[in-house]
Amino acid sequence: MPHSYPALSAEQKKELSDIAFRIVAPGKGILAADESVGSMAKRLSQIGVENTEENRRLYRQVLFSADDRVRKCIGGVIFFHETLYQKDDNGVLFVRTIQDKGIVVGIKVDKGVVPLAGTDGETTTQGLDGLSERCAQYKKDGADFAKWRCVLKISERTPSALAILENANVLARYASICQQNGIVPIVEPEILPDGDHDLKRCQYVTEKVLAAVYKALSDHHVYLEGTLLKPNMVTPGHACPIKYSPEEIAMATVTALRRTVPPAVPGVTFLSGGQSEEEASLNLNAINQCPLPRPWALTFSYGRALQASALNTWRGQRDNAGAATEEFIKRAEVNGLAAQGKYEGSGEDGGAAAQSLYIANHAY
Amino acid sequence: MAYQFPALTSEQKKELSEIAQCIVASGKGILAADESVGTMGSRLQRIKVENTEENRRQFREILFTVDDSISQSIGGVILFHETLYQKDSQGRLFRDILKEKGIVVGIKLDQGGAPLAGTNKETTIQGLDGLSERCAQYKKDGANFGKWRAVLKIDNQCPSHLAIQENANTLARYASICQQNGLVPIVEPEVIADGDHDMEHCQYVTEKVLAAVYKALNDHHVYLEGTLLKPNMVTAGHASTKKYTPEQVAMATVTALYRTVPAAVPGICFLSGGMSEEDATLNLNAINLCPLPKPWKLSFSYGRALQASALAAWSGRAANKKATQEAFMKRALANCQAAKGQYVHTGSSGAASTQSLFTACYTY
């Protein structure tokens, strides 16, 4: 390994890092509206709405017609391919509407998970074939960032060394290709909360996974200043009998990140996983109040945690659209505050009392 | 990768992290006085002093019996084995003298290089055999940190993948064993300055080496909050014809570090390599003024750059004790100021004028 063959010019690096910093500017986070057709089917069936292209268009219109209040709390929106080419009732491309609000447009580029033979039900993620050409086209069509989700799970024997290595490698290939095409890659190594493991176990696994991810990114010559990370928060498994406070979750999460994510990464945009809207906001707020030094922005990239109330209010009825949009704006503003550690909670004690609940970090 | 088997208890972690923080608190740095007998031989030969145990003892006595105010600039001293058991002329152990001044005592633990067959004269480092027992003894004898120097060179086909992997792995084994015995490991992966490569090449290599080191530390379950890093600054090779300013060295160095060193590491104490005393101070100062995120303390662990003038002033004569101590104290104070970005070199106009000399980081 003697010489470097620069992957990017200075201009390319500047463009990528400017995009990344715009998305995670103080008080801003990401709306993950990139549910695939299959995922949308689940969401819509829960509110008794048929999964047609028109209904998906109408639903995204509810979100994207939010007024200028979202300018200060939404830095980016992740689109699914179909949505990138859809228009609102007035014939205006959704991409255009979002860009006009000063929000960066992103695109989901992975093609779902596939099994890793010889493992205990583990997966890798596909989508690398022709990815460069797809990225070039998406860039022309208005996208400046992309997202790729890898999935790992905790059980007796998982995640295995193969699953960690393979997913880290595929994330690094995707990231490298994106950057070659002027697109900021959001790197998402999600560790599912399924299981009865405790907080410590999740923290341990998260540290191992993130260390592998950043080694792979270094090996693949990815420019970290032009990337974002979308990890899980460190939480107990859904079936864990022990309850933890937002402060404990915050301390475990920030500790894991401090041990693995280089300061060059501009921002960490958490996924909400199965958390409720309020839980996701309280945890993000606690993370931003955590008394450990945090050199990256710590914000949100939420799907369900931004949309659950809006979806429930809309229920497929045009008459409910306005009220539904308000629900979305409300969650967006709350998370914008949480991303600055300024969310008072809906009836909680507030910042000062919570501060004392942080346990010293050598216990993590 | 199933369960976590904790390597350290909370109490052990707390002790290690407190020692590490204490060494680099408030601009303090490290005096590397751990020259082996052979290396001391080269130093003494230059001032025409015979390399006897007594002469080595005398020189170290002069340094260690300096005024107590030294502890404002020096947080730790690395000793060679022989020196840990030497006494001053009143029969007081050096390690007790240092401890009384509030300086943490450290010990060199590696046992020199061994060739890596099949490479272009690259090496790994020996010293793992019986290391745990040696660490336990040194801890009893007053040491609280260890140091281990791995060496990589830039040359045709170097550093090779093997050299990087092997040295990262031995550093991680050493670090793990130290922590088991209550010693904070200083991790030193030196990319030596021999050669005519430019600064950009050194930056590239340094990034690859550090990424491998931190992956290895993670794999070996090393508690980062209880370690310190001792890297090279990023500079051109000695034989390079290109000249770089301290600001350029600083930007390249901090860029390399922020792309690879997790925020959990409390401090980074640079080695001085072959730099002059003044250059080592100027570069450290510029590093501390660099406008990139720097979540770790950025300090010094200097051998020659703290002792060169003192050695010359001493020249083997007891009568020169005061002049020797003044020379040493002067460099210690200068480097402490540099570690806070407050060093004013006679002839420069201070921080404000240098600020503008930093080129934007995306060109690195």
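Residues numbered from 1 in each chain as written. Chains lettered and ligands numbered in written order. Predicted model: local features only at pLDDT ≥ 70, side-chain atom pairs only at ≥ 80, totals over all residues. Heavy atoms only, no water.

S.K.: Whenever I open this one, the packing of aromatic side chains confuses me. Can you help?
M.R.: The way to describe two aromatic rings as a pair is by their centre distance and the angle between their planes. The tally for this structure, following the rule as stated, stands at nine aromatic pairs over all chains. A centroid spacing of 5.2 Å and a plane angle of 85 degrees characterise the contact between Phe64(B) and Phe94(B), whose relative ring orientation is edge-to-face. Taken together, the positions of Phe64(B) in helix α3 (residues 53-64) and Phe94(B) in helix α5 (residues 94-100) put the pair 30 residues apart, joining distant regions of the chain. Of the two residues, Phe64(B) and Phe94(B), neither departs from the other in class, the shared state being buried. The structure contains a cluster of three or more aromatic residues connected by ring pairs, namely Phe64(A), Phe79(A) and Phe94(A). (Phe/Tyr/Trp six-rings, centres within 6.5 Å; stacked < 30°, edge-to-face > 60°. Helix = DSSP H or I, 4+ residues; strand = E, 2+ residues; numbered from the N terminus. Buried < 20%, exposed > 50% of the residue type's maximum accessible area, 1.4 Å probe, protein only.)

S.K.: How do you make sense of the sheet that holds strand β2 (residues 74-79) of chain B when you look at a structure like this?
M.R.: The strands making up a sheet associate through backbone hydrogen bonding, with each pair oriented either parallel or antiparallel. All names here are of chain B. Read around the closed barrel, eight strands run β1-β2-β3-β6-β7-β8-β9-β10, paired in parallel fashion. The strands touched by helix α8 (residues 199-219) are β6 (145-152), β7 (184-191) and β8 (228-229); relative to β7, the strand with the most contacts, the crossing angle is about 150 degrees. Sitting on the sheet, helix α11 (residues 304-314) is in contact with β1 (29-33), β2 and β10 (297-302), with an inclination near 60 degrees to β1. (Pairing = 2+ DSSP bridges. Contact = heavy atoms within 4.5 Å. Axes fitted to C-alpha atoms, helices over the stretch in contact; angles between N-to-C directions.)

S.K.: Teacher, can you tell me more about the pairing of strand β6 (residues 145-152) of chain A here?
M.R.: The two faces of a sheet get side chains in turn, since along a regular strand they alternate between them. All names here are of chain A. Most of β6 is tucked away: seven of the eight residues are buried. Sheet topology note: the strand β3 (residues 104-108)/β6 ladder contains three bridges and is parallel. Residue pairing for β6: Gly106 is matched across the bridge by Phe145. By the bridge criterion, eight bridges tie β6 to strand β7 (residues 184-191) in an arrangement that is parallel. Its bridge partner being in β7, Ala146 is matched across the sheet by Pro185. What joins β6 to β7 is helix α7 (residues 161-180), and the crossover it makes is right-handed. (Right-handed = clockwise from strand over helix to strand, strands pointing away.)

S.K.: Before we go on, may I ask you to explain empty space enclosed by the protein in this structure?
M.R.: The gaps of empty space that remain are located by a probe, the size of a water molecule, rolled over the atoms. Here the structure, examined in full by the defined rule, presents three cavities of 30 Å³ or more. Taken as a whole, the largest cavity encloses approximately 60 Å³ of empty space. Every residue lining the largest cavity is listed: Leu31(A), Leu63(A), Phe64(A), Ala66(A), Val70(A), Ile74(A), Val77(A), Ile98(A), Lys101(A), Ile103(A) and Phe328(A). For the lining of the largest cavity, the residue count by class is ten nonpolar, no polar and one charged. Each pocket or cavity is described by its volume, and for the second largest cavity that value is around 50 Å³. Contributing to the lining of the second largest cavity are Leu31(B), Leu63(B), Phe64(B), Val66(B), Ile70(B), Ile74(B), Val77(B), Leu98(B), Lys101(B), Ile103(B) and Phe328(B). Put simply, the parts of the chain that give the lining of the second largest cavity at least two residues each are α3 and β2 of chain B. (1 Å grid on protein atoms, 1.4 Å probe; cavity = no way out; pocket = protein on both sides within 12 Å on 5 of 7 lines; lining within 4 Å. Points joined across faces, edges and corners; volume = space filled by probe spheres on them. Nonpolar A, V, L, I, M, F, W, Y, C, P; charged D, E, K, R; others polar.)

S.K.: In this structure, what is going on with the packing of helix α6 (residues 131-140) of chain B against helix α7 (residues 161-180) of chain B? I would like to understand it.
M.R.: For any two helices packed against each other, the geometry comes down to the angle between their axes and how far apart the axes lie. All names here are of chain B. Where α6 contacts α7, the two axes come as close as 9 Å, and the packing angle between them is 45 degrees. As far as their axial angle goes, α7 and α6 are oblique. The crossing of α6 and α7 is right-handed. Here Leu131, Ser132 and Cys135 of α6 come into contact with α7, specifically with Tyr174, Ile177 and Cys178. Residues belonging to the contact of α6 with α7 are distributed by class as follows: five nonpolar, one polar and no charged. (Parallel < 35°, antiparallel > 145°, perpendicular 65-115°, else oblique. Left-handed = near helix turned anticlockwise from the far one by under 90°.)

S.K.: Please explain the pattern of salt bridges as it appears in this structure.
M.R.: Summed over the entire model, instances satisfying the criterion amount to 43 salt bridges over all chains. In this structure, the salt-bridge partner of Glu225(B) is Arg259(A), at a minimum N-O distance of 2.8 Å. Here Glu225(B), found in the loop between α8 and β8, pairs with Arg259(A), found in the loop between α9 (246-258) and β9 (267-270), and the two come from separate chains. Taking the shortest distance from any N to any O, the salt bridge between Lys215(B) and Asp219(B) comes out at 2.9 Å. With a gap of four residues between them, Lys215(B) and Asp219(B) both fall in helix α8, about one helical turn apart. Three or more residues joined by partner-sharing salt bridges are found here, namely Asp34(A), Lys108(A), Lys147(A), Arg149(A), Glu188(A) and Glu190(A). (Salt bridge = Lys/Arg side-chain N within 4 Å of Asp/Glu carboxyl O.)

Such coordinate-based values are descriptive only and should not be taken to indicate function.
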